[in-house]
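# Fold and contact review
Listed below, chain by chain, are the residues.
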Amino acid sequence: MKYDFKLIESKWQKKWEENKIYKTSEDYNKPKYYCLEMFPYPSGNLHMGHVRNYSIGDVVARFKRMNGFNVLYPMGWDAFGLPAENAAIKHGIHPSKWTWSNIDNMRTQLKQLGLSYDWDREVATCHPNYYKWTQWFFLLLYKRGLAYRKKAFVNWCPSCSTVLANEQVVDGICDRCKTEVVKKELEQWFFKITDYADELLNDLEKLHGWPDKVKTMQQNWIGRSEGVEFSFNAEKTGDKISVFTTRPDTVYGVSYVVLAPEHPLVETLSSGTEYEVSVKEFKKKMEKYNEIVRTSTETEKEGVFTGAYAINPMNGEKVPIWIANYVLLGYGTGAVMGVPAHDQRDFEFAKKYNLPIKVVISPQDKTLHPDEMNEAFVDDGILVNSDRFNGMSNIEAIKAIGRYMEDIGIGKFEVNFKLRDWLISRQRYWGAPIPIIYCDKCGVVPVREEDLPVLLPEDIQFNGRSTSPLQECDKFLNTTCPKCHGLARRETDTMDTFVCSSWYFYRYTDARNEEEPFAREKVNYWMPVDQYIGGVEHAILHLMYSRFFNKVIRDAGLVTVDEPFENLLTQGMVLRDGVKMSKSIGNTVSPEEIIEKYGADTARLFILFAAPPERDLEWSDQGVEGCFRFLQRVFRLVEELSNKLSNAGNFGEYDKDVRRITHKTIKKVTEDVSERFNFNTAISAIMEMVNGLNAHKDTNISKTVLKEALDNLLLLLAPFAPHITEELWHTLGHKESVHLMPWPKYDANAIVEDEIEIVIQINGKVRDKMKISVEASEDEMREAALKQEKLLPLLEDKKIVKVITVPKKLVNIVVK
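The name that an unreviewed UniProt entry assigns to the protein is Leucine--tRNA ligase, with the source organism given as Tepidanaerobacter acetatoxydans. Annotation of the protein in UniProt includes, under Subcellular location (unreviewed entry), the sentence "Cytoplasm". Quoted verbatim from the Catalytic activity (unreviewed entry) field of UniProt, the annotation for the protein is "tRNA(Leu) + L-leucine + ATP = L-leucyl-tRNA(Leu) + AMP + diphosphate".

Okay, here's the thing in structure tokens:
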């Protein structure tokens, strides 16, 4: 029979779907396993990164099912977002139509890969039955004091007409449309993630199944620091300039104060001075750069003098007030003290602008002079030039000066975080409407739960203007106040798509529930997610927001787990010629083309075999060809050996060898998949098994051993190549699906080897190999080696100086 992968794959995909063999329900008598990949944005087509992500997850899900777990393995769509809106403007198609069309296409592609999803649990965040509950969660946060509205400066893209996250701004340019981004002050909705900053940080220690690099990224993003907050007074205006410092031991060394360009006091302080114009120009320049660029260690530090001075409350000294690119309004107080003698960034800034450098910490055995310093002194030392604290170690002085500030009422100990509240407002149409109503009489009024969902209107015109279409839709905008029943207007901002993706994994546990987001009994059975799989690029935003959401709804009594994801695997990228596959570069490989030419099993097998999951994978056309040829060999081997089964007897001369091959492979594959997710080495072991069986296909093997070998070969290969194994499983006469079979167990006794292969060397060069009893002594090894026929001509006329043996490994004959 020919390996007709097209016929085989379409045949079994249809049967699996008809028989719903992957449908999951709660079974409290079985251990549960929740396997999940980060759901995709429906852009229209899968790419090889998708194929890799989902193939990894599918192997895990299939393996766990075969090991007796009740597996939840769902799929859905992160379907709201700006690209759909931009497509509507560009192509004249409604975002809804564009999105659902893409979903239909990508769902078909996923099914062509033979992924074992429970499609009855499919969700799309743009469906009213989903975003109704996204809005419900907004109201929950609002009631718990965790959703609020305030004015804030944001990254604004004039072309996309919306707020951008810092990560969406590259060198002052929108990463989507390449328009120059500006800073804009808007009334925005925020979630109070900072209320959970301590817990988000501390609970990272519980995440034993997460990569250290991801935990470190979150730790740095939260950025907890302990220090003292105190104020400098502006000399002329008397305004207080609050600063937070982790180094109160350096306060006597302050030689300047720096404000963020956006700080509300900047205009007041510079007004009427000769520096007013340069301050305004610098502020305008800073509007082009996002916070990541401004604070990067690679960005040159720039600033301008405001023309104003501040008074250091500890020594009464007057210091200049500057503004600079590296100070951000949203971090800390938006102002920092400059101590150039003991901070390298401040040192470089002071040198650049010729600002004073004051030494207040010195090594015990040396006096530092500012004019001789080439860099800041940042080591521990003894305080100098610090009034009553002179001679104290700087470590002691951190607490002593902090306590002194508290005692005289000018400062207090504080814990500070780099983490800021989550800005969720987006000025666009294609998102979940924020369920808030504005009434002139009642103020801000939440929509009643019974009135959810607040539906997006369908009859929207996309004219490319700089306002959200919702602001021009009277039918949506005008409504009735739930309190006084008077005329009111709706909030026209929609929610950040990260809100939708911060709870989707809960919805999968009860995807068709119309009465609540999920039933407590079901979510508590399935959660947490046992294995989460996705790109490391989501380490900060999505994973942080999901953890925050989990803690909020836990505190509201909706779930019992502290963390949503037990284990996290961040898969590597798919590269071609050393570069990440990208449409813009033009180095992509279409999954559809590979499936059409070689089949889904080949595509899956290559992507799993080419590299360990967490490493980057280099695409190889030859590698794909090799995997295809391997599957052809499997197909031919099973066909040939299945024909041999009918004539096989009850005893075979090579039974022991074949059983050893079979059970060694079971052991290796089981350990590689269950303990390490080393799919590449597991597949390699299966390939070795095929080679071993091929070598024995013409030998005398009993019917029992032959059937055991064939069955186990297909069981082991099934999670990786589901279609061909299903076809061959039925060829062998089985009635049930191979994917519903139990995972094989290895027989330890069968693995024990009677003979081992020994290398024979002459003067260190390999000349032959031989089989010998595993129990052979060194004398027996020597004797057997010297009798090998292949070696006799090589030893003729040579004097054997000595024979070196390494037990169970080699014999080296040294000759002259």
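## So, the overall build of the protein
Summing up its helical and strand segments, the protein has 27 helices and 34 strands in all. In terms of principal-axis extent, the alpha carbons of the protein reach across some 105 × 80 × 50 Å. Within the protein, the proportion of its 816 residues that are buried is 55%. Within the protein, counting contacts between residues at least 6 apart in sequence, those at least 24 apart form 72% of the total. Entry remark: accessible area of the protein is about 36700 Å², with carbon and sulfur atoms responsible for 47%. Averaging the locations of the 106 positively and 118 negatively charged side chains of the protein gives two centres separated by 2 Å.

## A few points about the nonpolar core
Membership of the largest hydrophobic core comes to 183 residues, with the highest contact counts inside it found for Phe138, Phe191, Phe548, Trp619 and Phe720. Broken down by element, the residue count for this core peaks at 11 residues, all from helix α20 (residues 621–645). Among all residues touching Phe191, those that are not within four sequence positions of it are Phe138, Leu141, Leu146, Ala147, Asp421, Trp422, Ile424, Val499, Phe548 and Phe549. Phe232, Tyr256, Val258 and Ala341 belong to the second largest nonpolar core, which has 54 residues in total.

## Side note on unusual backbone geometry
At the junction of Leu452 and Pro453, the peptide bond is cis and its omega measures out at 0 degrees in the coordinates. Mapped onto the elements, Pro453 comes out in the loop between β22 (443–446) and α13 (474–477). Omega for the peptide link from Met527 to Pro528 comes to 5 degrees, which places this bond in the cis form. Relative to the helices and strands, Pro528 is located in the loop between α16 (520–526) and β26 (531–534). The phi torsion at Asp387 lies on the positive side, around 55 degrees, for a residue other than glycine.

## Regarding the packing of α20 against helix α22 (residues 679–695)
Contact geometry for α20 and α22: axes closest at 11 Å, N-to-C directions at 40 degrees. One way to sum up the angle between α20 and α22 is to call them oblique. Here α20 and α22 pass one another in a crossing that is left-handed. Contact with α20, carried on its side by Phe630, Arg633, Val634 and Leu637, involves Ile686, Met687, Val690, Asn691, Leu693 and Asn694 of α22 and no other residues of that element.

## Quick word on the domain arrangement of the protein
Taken domain by domain, the protein holds domain 1 (136–215 + 421–497), domain 2 (224–417), domain 3 (621–740) and domain 4 (755–815). Here the C-alpha centroids of domain 2 and domain 4 sit 76 Å apart.

## A short note on the sheet that holds strand β29 (residues 579–580)
The three strands lie next to each other as β29-β28-β30, forming an open sheet whose pairing is mixed. Of all strands in the sheet, those bounded by a partner on one side alone are β29 and β30 (617–618). As paired elements, strand β28 (residues 574–576) and β29 share two bridges and run antiparallel to each other. Directly across from Leu575, in β29, lies its bridge partner Lys580.

## Examining the pairing of strand β24 (residues 487–490)
Bridging between strand β21 (residues 436–439) and β24 involves two bridges; their strand directions are antiparallel. Residue pairing in the sheet places Tyr438 in a bridge with Arg489 of β24. In this structure, strand β23 (residues 478–480) lies alongside β24, joined through three bridges in antiparallel fashion. By the bridge assignment for β24, Thr479 is matched with Ala488.

## Thoughts on helix α12 (residues 394–407)
Its 14 residues give α12 an end-to-end C-alpha distance of 19 Å, which sits within 8% of 20 Å, the value for a rise of 1.5 Å per residue. Those residues of α12 lying buried are Asn394, Ala397, Ala400, Ile401, Gly402 and Met405. Buried residues along α12 sit against β10 (224–234), β16 (361–362), β17 (382–383) and β18 (411–417).

## Notes on helix α19 (residues 600–609)
Within α19, nine of the 10 residues are buried, leaving the element largely enclosed by the surrounding structure. Within α19, burial applies to Ala600, Asp601, Thr602, Ala603, Arg604, Leu605, Phe606, Ile607 and Leu608.

## Description of the packing of aromatic side chains
A complete count under the given rule lists 53 aromatic pairs for this structure. Note on Phe63 and Trp743: the rings are 4.8 Å apart at their centroids and 75 degrees apart in plane angle, and the pair reads as edge-to-face. Placement of the pair is Phe63 in helix α2 (residues 48–66) and Trp743 in the loop between α24 (722–731) and α25 (748–751), with a sequence separation of 680 residues. Taken individually, Phe63 and Trp743 each receive the classification buried, so the pair is uniform in this respect. Relative to Phe548, the ring of Tyr196 has its centre 5.7 Å away and its plane inclined at 70 degrees; by these criteria the two rings are edge-to-face. Remark: Phe548 occurs in helix α17 (residues 541–555) and Tyr196 occurs in the loop between β9 (182–191) and α6 (197–202); sequence separation between them is 352 residues. Judged by relative accessible area, Tyr196 falls into the buried class, the value being 9%.

## Some words on the pattern of salt bridges
Applying the stated rule across the entire model yields 55 salt bridges. Of the charged contacts in the structure, one is a salt bridge between Asp104 and Arg107, with a shortest N-O distance of 3.1 Å. In this pair, Asp104 and Arg107 are both assigned in helix α4 (residues 95–112), three residues apart and thus about one turn of the helix distant. Here Glu563 and Arg547 are joined by a salt bridge, their closest N and O atoms 2.8 Å apart. Of this pair, Glu563 sits in the loop between α17 and β27 (568–570) while Arg547 sits in helix α17, placing them 16 residues apart in sequence.

## What about the sheet that holds β24?
Across the sheet, four strands lie side by side as β22-β21-β24-β23; this open sheet has antiparallel pairing. Strands at the two margins of the open sheet, each flanked by one partner only, are β22 and β23. Neighbour to neighbour, the strand axes of the sheet diverge by 45 degrees on average, direction disregarded.

## Some details on the packing of α20 against helix α23 (residues 703–717)
At a minimum axis distance of 10 Å, the contact between α20 and α23 shows a crossing angle of 155 degrees. The angle between α20 and α23 places the two elements in the roughly antiparallel class. The interaxial crossing formed by α20 with α23 has left-handed handedness. Across the interface between the two elements, Phe630, Leu631, Val634, Leu637, Val638, Leu641, Ser642, Lys644 and Leu645 of α20 pack against Lys703, Leu706, Lys707, Leu710, Leu713, Leu714 and Leu717 of α23. Broken down by class, the residue content of the contact of α20 with α23 amounts to 12 nonpolar, one polar and three charged.

## So, the side chain of Glu37
Note on placement: Glu37 falls in strand β1 (residues 32–37). Lacking a salt bridge, the buried Glu37 has Arg604 as its closest oppositely charged neighbour, with an N-O distance of 8.7 Å. Only 2.3 Å separates the side chain of Glu37 from the side chain of Tyr73, close enough to count as a polar contact. Here the side chain of Glu37 touches Tyr117 through a polar contact of 2.7 Å, side chain to side chain. When sequence neighbours within four positions are dropped, the list of residues in contact with Glu37 reads Asn53, Tyr54, Gly57, Asp58, Tyr73, Met75, Tyr117, Tyr504, Tyr532 and Ile533.

Calculation notes
Residues numbered from 1 in each chain as written. Predicted model: local features only at pLDDT ≥ 70, side-chain atom pairs only at ≥ 80, totals over all residues. Heavy atoms only, no water. UniProt positions renumbered as here; feature names shortened; annotations may be inferred. Helix = DSSP H or I, 4+ residues; strand = E, 2+ residues; numbered from the N terminus. Buried < 20%, exposed > 50% of the residue type's maximum accessible area, 1.4 Å probe, protein only. Contact = heavy atoms within 4.5 Å. Areas by Shrake-Rupley, 256 points an atom, 1.4 Å probe, with all protein chains shown as cover. Lys, Arg positive; Asp, Glu negative; His and termini not counted. Charge placed at Lys NZ, Arg CZ, Asp CG, Glu CD. Core = buried A, V, L, I, M, F, W, Y, C linked by side-chain atoms within 4.5 Å. Axes fitted to C-alpha atoms, helices over the stretch in contact; angles between N-to-C directions. Parallel < 35°, antiparallel > 145°, perpendicular 65-115°, else oblique. Left-handed = near helix turned anticlockwise from the far one by under 90°. Domains from an automatic or database assignment. Pairing = 2+ DSSP bridges. Expected span 1.5 Å × (residues − 1). Phe/Tyr/Trp six-rings, centres within 6.5 Å; stacked < 30°, edge-to-face > 60°. Salt bridge = Lys/Arg side-chain N within 4 Å of Asp/Glu carboxyl O. Nonpolar A, V, L, I, M, F, W, Y, C, P; charged D, E, K, R; others polar. Polar contact = N/O pair within 3.5 Å; in protein donor to acceptor, adjacent residues only side chain to side chain.

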